[in-house]
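Reading the structure
Listed here are the chains, written in short residue letters.
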Amino acid sequence: MKQPHFSILLLLSFLTFSVSLFSQGQRKKVGVVLSGGGAKGVAHIKALKVIEEAGIPIDYIAGTSMGSIVGGLYAIGYTTEQLDSMVRKQDWTFLLSDRIKRSAMSLPDRERSEKYVLSLPFTKNPKDAVAGGIMKGQNLANLFSDLTVGYHDSICFDKLPIPFACVAANVVNGDQIIFRNGVLSTAMRASMAIPGVFTPIRKDSMVLVDGGIVNNYPADVVKAMGADIIIGVDVQNTLRKADKLSSAPDILGQIIDLTCQANHERNVKLTDTYIRVNVDGFSSASFSPSAIDSLMRRGEEAARGQWNSLLALKKEIGISDNYVPKVHGPYTSLSDSRAIYITEISFSGVEEDDKKWLMKKCNLKEHSDNTTLQIEQALFQLRGSQSYSSASYTLTQTPEGYQLAFLLEEKYEKRINLGIRFDSEEIASLLVNATAELKTHIPSRLSFTGRLGKRYSARVDYTLEPVRQRNFNFSYMFQYNDINIYEEGNRAYNTTYKYHLGEFGFSDVWYKNLRFGLGFRFEYYKYQDFLFKKPEVADLQVESEHFLSYFAQVHYNTFDKGHFPSKGSDFKAAYSLYTDNLAQYNDHAPFSALSASWSSVIPVTRRFSIIPSIYGRVLIGKDMAYPLMNTIGGETYGLYIPQQLPFAGITNIEQVDNSITVASLKFRQRMGSIHYLTLTGNYGLTDSHFFKLLKGRNIYGISAGYGMDSMFGPLEISLGYSNQTDKVSCYVNLGYYF
């Protein structure tokens, strides 16, 4: 009798298990919708984490703008922990620009980038210059490619680990475009192409921009995908009152919100659990570390505030209270060190010989393992030292390995560059440059540079570049100078003069960091007025004169930043031989000038660095010319005249003897990500004879300052003292030095 009872029990258990499995298979499908909102969208990450903790399965996901980025990455397997780490480690200032990493730029390109705050192409048709947006979004697009390795082919998004859709807007006719297939990174890039900021994505006859202008909370999209239950996370600001609409971005954002308001209200009604994140005090551009931390915390708080609603959904979905969804992720291609076997590498529009050269420069090999970090560095190399304004890539998987294809776009042939600087001495200065690449047999470039301010100048350069980074340069410059010369802190006199320069030079760059050059110069100093302030210099007689000189110079630089570097070294040396007839000066042997400088950053901690430097200049010969006398003062080399050496505690030009050497020590503390405190000490020796320098006059100075990396260049405020001036000095500067 026991055997039949056991069989009945076994049969009942099987039937119960089968019914359970059937009900599980017939449970309602859950869709998650993530709204747009720029930086505020990082709150989605922690909201997703809470949804997972509640044991809610996610069958579909749809998003707009930042919601499409978080949603798309989550859909291919990124865990909330991976997304959290990825968001926090990004340099968002760099990412939301088209800048190139300094490490990928050649030395001349680095020097140019440290003069100009704005660079725009110009064409016959001005509207083509920005192609619909200020930025191409190159760095952001490349990040999406890096983050979606394995999904670079055109695919149906329903085949992703979680079916996905995102929304863009076609500005040709205002239609909503729903991406359910295609290249995932392109879809995400189109969904967040903020109008007027990022260039739109052009696909077929469509011009695609941020989907937030048509549907910023696409609950209807996820419902159409098949979702029976919808959980929504909304990070949009509420409509602002009149007193809060004080800027153009505020008003533009309000107009977009008003346009989508009716659609938004309909979509909220479709939502079963609506998670509204409190984003007051934050904007679409709030990408600072503290803002990201706060927004993520608020995302989690908002989701936990709906905890009971989430748990109540389980019954409606048709799952048990202790239901545990399938483990999500992790995405396994995240590591920069992950090796990818690449069978073939191609460059669009590049011939075979150029391909070999590019592969060597990019340090990539076919039929070999290459890391995603190597590919990323190759992209910067192509945009930095080479001739391409845009470089992206695709990885296509084959049975043998991956095919790597670089998609290249030639640099604009003509550009306008703008630099601006404010300081406490010259008040305001403006630097304008126009550069055009010429279609000649030997690659060449024509450049015009103008400087406006108390001292103004104009310069024309014509450059032949038969080999990349190896060039011959012909230059002419006119400059008007109005300079005060100081003696022991008091103005000795003022001089105004016109300066003409003609130069022919050759330069070559090795391994991006080392450049040497040599050439020939013609210089003419035409003095106009000397306004004397001190009686002891009233008899100073200076006549206009010219020089014909030969020069050689070398420069090595590995600083990670042009200003406020945290690692690297810099070395410069230059030698010039001056004549007035190519062989002599004033009917005797020519005189010469030798200068050198060395500086290095020694990182003590992650934020604190010591920066030792030593530099000097020696005039060799007799009958030295007044225009080339040694001078010190200011925060940087060549502040007012080319031979001027910096010195802490001296803000103006002070003349010194024929030989001078200076030792400097800086202590720099970084606060936050862009703020710096610097304490500098200088000690110098100067004498008329180099071999008597150790017995020469002693000069010392100290300064303490605050600095900041601003969008207009470095901001610096310093207070200093020197025994040369015997007074406290103050100097303020905003912008790059030029």
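Residues numbered from 1 in each chain as written. Predicted model: local features only at pLDDT ≥ 70, side-chain atom pairs only at ≥ 80, totals over all residues. Heavy atoms only, no water.

Turning our attention to the side chain of Arg27. Its location among the elements puts Arg27 in the loop between helix H1 (2-25) and strand E1 (30-34). Relative accessible area serves as the criterion here: at 13%, Arg27 is assigned to the buried category. Among the polar contacts listed, one links the side chain of Arg27 to the side chain of Asp59, at a separation of 2.9 Å. Apart from the residues within four sequence positions on either side, Arg27 is in contact with Pro57, Asp59, Ile317, Gly318, Ile319 and Tyr323. (Helix = DSSP H or I, 4+ residues; strand = E, 2+ residues; numbered from the N terminus. Buried < 20%, exposed > 50% of the residue type's maximum accessible area, 1.4 Å probe, protein only. Polar contact = N/O pair within 3.5 Å; in protein donor to acceptor, adjacent residues only side chain to side chain. Contact = heavy atoms within 4.5 Å.)

What the rule picks out here adds up to 26 aromatic pairs. Ring geometry for Tyr499 and Tyr525: centres 4.9 Å apart, planes at 50°, overall tilted. One end of the pair, Tyr499, is in strand E23 (residues 490-510); the other, Tyr525, is in strand E24 (residues 514-532), and 26 residues separate them in sequence. The residues Tyr499 and Tyr525 share a single accessibility class, namely buried. (Phe/Tyr/Trp six-rings, centres within 6.5 Å; stacked < 30°, edge-to-face > 60°.)

Here we come to empty space enclosed by the protein. The full count for this structure, using the stated rule, is two cavities of 30 Å³ or more. For the largest cavity, the calculated volume is near 120 Å³. Those elements that place two or more of their residues in the lining of the largest cavity are strand E22 (470-487), E23, E24 and strand E31 (653-655). Its residues placed into classes, the lining of the largest cavity shows ten nonpolar, four polar and no charged. In this structure, the second largest cavity occupies an estimated 50 Å³ of space. The wall of the second largest cavity is formed by Glu635, Phe647, Ala648, Gly649, Ile650, Thr651, Ser703, Ser718, Leu719, Gly720, Ser729 and Tyr731. Put simply, the parts of the chain that give the lining of the second largest cavity at least two residues each are strand E35 (713-722) and strand E36 (727-734). Counting residues per element, the lining of the second largest cavity draws most heavily on E35, at three residues. The residue inventory of the lining of the second largest cavity, partitioned by class, reads five nonpolar, six polar and one charged. (1 Å grid on protein atoms, 1.4 Å probe; cavity = no way out; pocket = protein on both sides within 12 Å on 5 of 7 lines; lining within 4 Å. Points joined across faces, edges and corners; volume = space filled by probe spheres on them. Nonpolar A, V, L, I, M, F, W, Y, C, P; charged D, E, K, R; others polar.)

The assigned domain composition of the protein chain is domain 1 (30-98 + 137-317), domain 2 (339-410) and domain 3 (414-660). Relative to domain 2, the C-alpha centre of domain 1 lies at a distance of 31 Å. Each partner contributes to the interface: domain 1 provides eleven residues, whereas domain 2 provides 16 residues. Of the roughly 1,000 Å² buried at the junction of domain 1 and domain 2 (both faces included), carbon and sulfur atoms supply 45%. The largest per-residue losses of area from domain 1 upon contact with domain 2 belong to Gln138, Asp146 and His152, which jointly make up 44% of the total buried on that side. Counting the contacts that link domain 1 with domain 2 gives zero salt bridges. (Domains from an automatic or database assignment. Buried area = accessible area lost by both parts, 1.4 Å probe. Salt bridge = Lys/Arg side-chain N within 4 Å of Asp/Glu carboxyl O.)

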